[in-house]
Amino acid sequence: MGANTDVIVVGRGPAGLLMATLVVQHSGTVTIVADGQGTLPLWGGQWDFRNYADDGRPLVDPYQWWGDLLGGELAWRTRWSRVATLWHELGVLESPDIPNRNRWILSPLGHLRPTYLAPRWQWCQDQPGQFILIGFPGLADFSVQAMARVYEATSGVGVQAVHLPTPPGWRPHWTAINWAWYLDSRAGQEWLIGEVDRIIDASPTPLAFPQVLGVDGVEALRERLMQHLGRVVGEVALPPPSVGGLRITRRWERWLKHRGVQFVTGHVTGVTRDSAKLANGRQLSGSPVLASGGILGGGLYAEPAGNIRDPILGTIVGSLPQDRIGSVGHRQVRSTVPVIGRMVGGWDPDRHGDGGALTLWTVDEAFDAIWTGLGTTEAAPGVVRSQSLRVK
Amino acid sequence: MVVVIGGGASGLGVAWDLLLRGIPTTVVEQGDVGGGTSGRFHGLLHSGARYVVVDPVSARHCIAENAILRVIAAAAIKAVPSYFVSVDDDGDRYLSPWLDGMNAAGIGVREVPLGQVISAIPDLNRQARRAFSVPDAVLEGFTLLRLLRDNITQRGGTVLTHSQVTQVHQVGGVVSGVTVSSRGAERLIVCDAVVNAAGPGAGQIVPMFGDQIEMQLSAGMMLVFANRRVGHIVNRLGPPGDGDILVPHGRTAILGTTDIPHGSPQPPVLQRQEAVYLLEQGERLFPGIASWRALRAFSGVRPLFSTDSNEGASVRRRIVTRDFTVLDHGMRGGVKGAFTIIGGKWTTYRLMAERTVDAVCRHLDSWVPSRTAVTPLTEASSQGDPVGAIVCECEGVTLDTLHALNGDMDTWRTRAWFAMGPCQGAICLHRGAAIRQSIVGVQAAMQEFLALRRERWRGVEPVAWGDNAREWALTEALRHQTLAEEGMNGR
């Protein structure tokens with residue numbers, strides 16, 4: 001037998017980290033076991049609620065769309081304030097009041113798309129308006145001229161595009177991550193502020209940067225830019241590896257480690273209600289929660305003949321091509337052991353833009369299932385024992 | 001002037017042969033060069049070893065052409081060790097007739113110690129019994145098509161893409177010209193002869209020549225694996241069958257093929273069932289192949305043709321000859337000066353072209369011998385080391401390279417291998433769209449982008465398993481979320 005914690009979270013994507021967060025916030029102990037990095041650095045850091053209606057049109061009011069589903073408005077507000085509070089603790093600032101409506105963010109193609117909760121660094125609009133796109137040399141994911149053309153064609157508002165020159169030491173292979181590390185350095189920050197000051201006009205028009213304004217130092221750099229240039233500065237999230245998700249992952253995992261969460265690298269081959277078995281023979285004891293992901297996350301395996309298998313539970317949850325690859329997953333949270341994440345419930349998070357909400361909801365459900373075993377929603381340190389945390 | 005219908009290997013081969021004999025020519029291709037069967041094969045330059053028992057004529061053609069192409073198209077041929085491996089009783093039974101056939105066809109064959117082969121190819125079936133080295137090689141189809149096209153245009157030939165011959169004109173029963181429709185506009189090309197080299201589509205052209213032919217089309221599926229797991233060409237020794245050949249191609253390896261009767265010149269919709277079947281057949285050579293990372297499937301339509309229609313239906317398709325036929329429609333009661341080249345293989349395209357142009361010369365009554373066998377295809381310009389920002393990371397394609405190609409995204413794909421790597425466009429297609437916008441505008445660039453996205457999915461979908469399924473799940477999430485690529489409508 002190995003580590004003994006109240007809960008074993010399998011997987012370290014957003015669902016896994018959120019589950020661990022909830023448990024430690026209720027004074028439980030957690031082991032997170034995963035065989036790779038989580039999926040959070042694939043995305044820009046925004047947290048979707050419900051972006052599109054069933055017919056594909058963008059949604060303004062996600063609360064209205066959800067109505068009484070999955071607990072209704074009160075439950076959703078509680079869930080969202082949990083994320084907002086956590087982000088505050090992580091230093092990922094969001095306004096203390098959670099938003100009532102979706103806002104618009106820009107895609108690297110120049111399309112506007114809705115999202116719900118976004119970090120302060122994210123370039124957001126309530127409605128289409130003027131801004132200046134700042135192009136970075138060699139950043140193929142952020143072609144400012146093309147974005148400006150698409151934005152103008154789809155929103156009717158013309159925007160400017162300007163280009164930065166190359167800084168000393170730049171190489172053509174630099175990706176967003178290289179830029180972000182460079183802009184964490186003092187030299188990079190001085191260079192950026194100097195150059196941006198030089199190439200833009202004196203208007204108060206907001207600036208839209210690619211999401212490269214530093215990894216750990218983004219808030220400080222953004223603040224300096226806004227002070228110096230006297231205008232709003234925001235970032236557009238880019239395709240993976242995405243700096244926004246990377247920032248949150250680093251802070252969040254550090255936060256969890258400071259609260260005693262153990263991170264184990266390993267491949268889970270099987271679970272019971274009170275243990276998890278690893279490929280290297282190690283056994284962990286505690287109540288497992290599967291946050292191992294769908295096909296993308298690696299928690300589900302698509303077999304050549306088309307069956308979609310959960311290798312840990314040994315169940316088949318769907319089949320291709322009958323199921324859509326973006327929506328196939330477990331149908332319910334309360335399985336042999338709880339299963340959490342955006343792919344649970346048979347929703348279609350890619351198309352509907354509700355992956356964040358599904359993560360929140362499934363984590364809630366799984367936490368409930370575990371906490372019901374305790375017989376209370378109040379937990380004092382030392383009171384929670386692994387025995388009482390098991391799923392009924 | 002001779003008009004050639006079809007811009008695949010045989011059509012371009014005919015045009016090149018004509019030009020070398022001093023005959024002006026125009027190629028009319030309905031899509032892009034290599035958009036048909038020539039762009040959809042396993043990449044094998046045959047030695048003929050596959051055909052020595054069932055089709056000795058083709059085998060002899062193959063070995064002769066193999067030697068010629070290595071000289072005239074060296075840039076498109078990659079010499080890699082090639083083996084026939086016996087893995088079961090089928091192989092052992094086939095051995096003796098096969099070796100006899102190899103001797104008769106004059107194809108060099110040498111037995112290789114099994115230990116040596118297995119240490120070179122760790123993935124090979126450990127139950128393998130015997131292995132023989134043969135002179136197969138890798139033929140890079142798109143490279144050879146580019147060489148042909150470049151040399152044709154340098155010699156004053158014309159290649160019209162996205163164009164169709166809609167009518168053949170005649171004077172006194174002899175071809176006098178054709179009407180060509182290009183992107184909505186029609187024009188008349190005056191000519192003395194027409195060569196139908198439309199591959200699987202040849203049967204649909206022939207009625208314009210006042211003739212009818214019966215095609216025997218068959219579709220073959222191939223699977224592309226994301227890594228060059230095996231650096232050698234490996235054939236399973238036995239009668240030609242399904243899933244019995246693996247060809248390393250660039251950074252990938254291609255498993256071929258199936259052989260299914262097919263009614264249309266257009267490739268069939270790819271089925272997962274067929275991909276799985278192919279994989280199972282591939283297991284006989286490579287028992288772990290199901291765990292290799294599949295990248296995509298594709299399918300080509302073989303333009304087979306049986307001169308004896310009674311025989312065709314009753315014989316197994318593999319036995320239908322891979323030999324080719326030149327039809328002189330004038331001799332068959334149709335229009336004089338109209339010819340069809342049908343059947344054959346990529347490897348024998350040059351010979352097919354030579355025989356076709358021989359017939360055309362007889363019709364034109366001006367005999368000049370073919371020079372294609374002794375005239376190397378020259379590289380237009382050697383491309384220097386790629387510099388500039390990288391657009392497609394899988395294949396290392398840079399912005400400069402794409403600008404230099406001066407074509408649409410599909411041209412980038414076939415020429416620079418853009419979006420052909422493990423991510424199948426997940427990370428690079430939107431970058432390409434941004435580049436194209438400045439040239440063709442927002443709408444056209446987005447259409448090109450979404451069309452290529454769909455084209456990639458068609459090949460990935462039937463092999464969406466394991467890591468490949470994971471990659472595609474990433475693509476789906478990315479295109480809906482990060483890129484919001486369908487914009488606000490059309491989701």
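Computed from a predicted structure; not experimentally measured. (Residues numbered from 1 in each chain as written. Chains lettered and ligands numbered in written order. Predicted model: local features only at pLDDT ≥ 70, side-chain atom pairs only at ≥ 80, totals over all residues. Heavy atoms only, no water.)

Let us now look at helix α12 (residues 429-440) of chain B. The terminal C-alpha atoms of α12 of chain B lie 16 Å apart, and with 12 residues this matches the ideal 16 Å at 1.5 Å per residue to within 8%. Judged by how many residues are buried, α12 of chain B sits mostly within the fold: nine of 12 residues are covered. Every buried residue of α12 of chain B is listed here: Leu429, His430, Arg431, Gly432, Ala433, Ala434, Ile435, Arg436 and Gln437 of chain B. Each element contacted by the buried residues of α12 of chain B is listed here: α4 (144-155) of chain A together with β22 (390-392), α10 (399-405), α11 (409-416) and α13 (442-460) of chain B. One or two positions beyond α12 of chain B, positive phi appears at Gly441 of chain B, with a value near 95°. (Helix = DSSP H or I, 4+ residues; strand = E, 2+ residues; numbered from the N terminus. Expected span 1.5 Å × (residues − 1). Buried < 20%, exposed > 50% of the residue type's maximum accessible area, 1.4 Å probe, protein only. Contact = heavy atoms within 4.5 Å.)

This part takes up the sheet that holds strand β10 (residues 163-171) of chain B. All names here are of chain B. If you walk across this open sheet you meet the three strands as β10-β11-β12, and the pairing is antiparallel. Two strands bound the open sheet, and with one partner strand each, they are β10 and β12 (185-190). Within this sheet the neighbouring strands show an average axis-to-axis angle of 25°, counted without direction. (Pairing = 2+ DSSP bridges. Axes fitted to C-alpha atoms, helices over the stretch in contact; angles between N-to-C directions.)

This brings us to the pattern of salt bridges. Considering all chains together, one arrives at 47 salt bridges over all chains under this definition. A salt bridge links Arg247 of chain A to Glu235 of chain A; the nearest nitrogen and oxygen atoms lie 2.8 Å apart. Of the two residues, Arg247 of chain A sits in helix α8 (residues 243-258) while Glu235 of chain A sits in strand β9 (residues 233-236), which places them 12 residues apart along the sequence. You can call Glu235 of chain A buried: its relative accessible area is 0%. A salt bridge links Asp90 of chain B to Arg284 of chain B, with the nearest nitrogen and oxygen atoms 3.3 Å apart. Taken together, the residues span a long stretch of sequence, with Asp90 of chain B in helix α3 (residues 89-105) and Arg284 of chain B in the loop between α7 (272-282) and β19 (294-304) at a distance of 194 residues. We classify Asp90 of chain B as partly exposed; its relative accessible area is 35%. Looking at Arg284 of chain B, the relative accessible area reads 27%, which means it is partly exposed. (Salt bridge = Lys/Arg side-chain N within 4 Å of Asp/Glu carboxyl O.)

Bringing the sheet that holds strand β8 (residues 207-210) of chain A into the picture now. Residues and elements named next belong to chain A. Spatial strand order, β7-β6-β8-β9: four strands in an open sheet with parallel pairing. For this open sheet the edge positions go to β7 (160-163) and β9, each flanked by a neighbour on one side alone. Between one strand axis and the next, the sheet turns through 30° on average, direction left out of account. Taken together, the two bridges between strand β6 (residues 132-135) and β8 define a ladder with parallel strand orientation.

Attention now moves to the packing of aromatic side chains. Residues and elements named next belong to chain A. According to the stated counting rule, one finds 30 aromatic pairs over all chains in the structure shown. Relative to Tyr63, the ring of Phe49 has its centre 5.0 Å away and its plane inclined at 85°; by these criteria the two rings are edge-to-face. Residue Phe49 is located in the loop between β2 (30-34) and α2 (62-66), and its partner Tyr63 is located in helix α2; the two are separated by 14 residues in the primary sequence. What makes Phe49 buried here is its relative accessible area of 0%. Given the relative accessible area of 6%, Tyr63 is considered buried. Arranged with centres 4.9 Å apart and planes meeting at 80°, the rings of Phe131 and Tyr151 form a pair that is edge-to-face. Of this pair, Phe131 sits in the loop between β5 (124-125) and β6 while Tyr151 sits in helix α4, and the two are 20 residues apart along the sequence. (Phe/Tyr/Trp six-rings, centres within 6.5 Å; stacked < 30°, edge-to-face > 60°.)

What follows is about the interface of chain A and chain B. Contacts between the two partners involve 44 residues from chain A, matched on the other side by 38 residues from chain B. Roughly 3,600 Å² of surface becomes buried between chain A and chain B when both sides are summed, with 65% attributable to carbon and sulfur atoms. Interface area lost by chain A to chain B is led by Leu109, Pro304 and Ile325 of chain A, which between them contribute 17%. At the surface where chain A touches chain B, the tally comes to two salt bridges. Ionic pairing is found between Arg324 of chain A and Glu476 of chain B, a salt bridge with its closest N-O pair at 3.9 Å. Where chain A touches chain B, the interface holds 12 residue pairs in polar contact (both at pLDDT 80 or more). Residue contributions to the side of chain A that touches chain B peak at four residues, all from helix α9 (residues 349-352) of chain A. (Buried area = accessible area lost by both parts, 1.4 Å probe. Polar contact = N/O pair within 3.5 Å; in protein donor to acceptor, adjacent residues only side chain to side chain.)

Note on placement: Glu303 of chain A falls in the loop between β14 (301-302) and β15 (307-310). Those residues in contact with Glu303 of chain A that sit more than four places away from it in its chain are Arg309 of chain A together with Arg272 and Trp465 of chain B.

Right, let's get into unusual backbone geometry. Each neighbour pair has its own omega, and for Pro240 of chain A with Pro241 of chain A the value is -5°, a cis peptide bond. The omega torsion across Leu320 of chain A and Pro321 of chain A is 0°, close enough to zero to call that bond cis. Relative to the assigned elements, Pro321 of chain A resides in the loop between β16 (315-319) and α9. At Leu70 of chain A, a position not held by glycine, the phi torsion is positive, near 55°. As for its placement among the helices and strands, Leu70 of chain A is situated in the loop between α2 and α3 (72-90). The phi torsion at Trp417 of chain B lies on the positive side, around 70°, for a residue other than glycine.

Turning our eyes to something else, we now look at the environment of Arg231 of chain A. All names here are of chain A. Mapped onto the secondary structure, Arg231 falls in the loop between α7 (218-229) and β9. The spatial distance from the C-alpha of Arg231 to the C-alpha of Ala202 is 9.8 Å, given a sequence separation of 29 residues. Setting aside residues no more than four positions away along its own chain, Arg231 makes contact with Ile132, Ile200, Asp201, Ala202, Ser203, Pro204, Thr205, Leu207 and Met226. For Arg231, the side chain forms a polar contact with the main-chain oxygen of Ser203, separated by 2.8 Å.

Within a regular strand, the side chains alternate between the two sheet faces. Residues and elements named next belong to chain A. As paired strands, β15 and β16 are joined by four bridges and run antiparallel to one another. Residue pairing in the sheet places Arg309 in a bridge with Ile316 of β16. Counting the residues in the hairpin turn of β15 and β16 gives four residues, including Gly314, whose phi is positive at 75°.

Moving on: the domain arrangement of chain B. Frequently, the measure chosen for interface size is the accessible area that the parts lose on association. Residues and elements named next belong to chain B. Per the domain assignment, the segments making up chain B are domain 1 (2-35 + 142-215 + 321-374), domain 2 (76-135 + 218-299) and domain 3 (390-482). Its C-alpha centre places domain 2 at a distance of 29 Å from the equivalent point of domain 3. Taken together, the 16 residues of domain 2 in the interface contact 20 residues of domain 3. Of the roughly 1,400 Å² buried between domain 2 and domain 3 on both sides combined, carbon and sulfur atoms contribute 52%. (Domains from an automatic or database assignment.)

Another point: the environment of Pro287 of chain B. Residues and elements named next belong to chain B. By the secondary structure assignment, Pro287 is in the loop between α7 and β19. Overall, the relative accessible area of 41% leaves Pro287 in the partly exposed class. When the C-alpha positions of Pro287 and Ser438 are compared, they lie 49 Å apart, and in sequence the two are 151 residues distant. Contact partners of Pro287, with chain neighbours within four places excluded, come to Asp123, Leu124 and Asn125.

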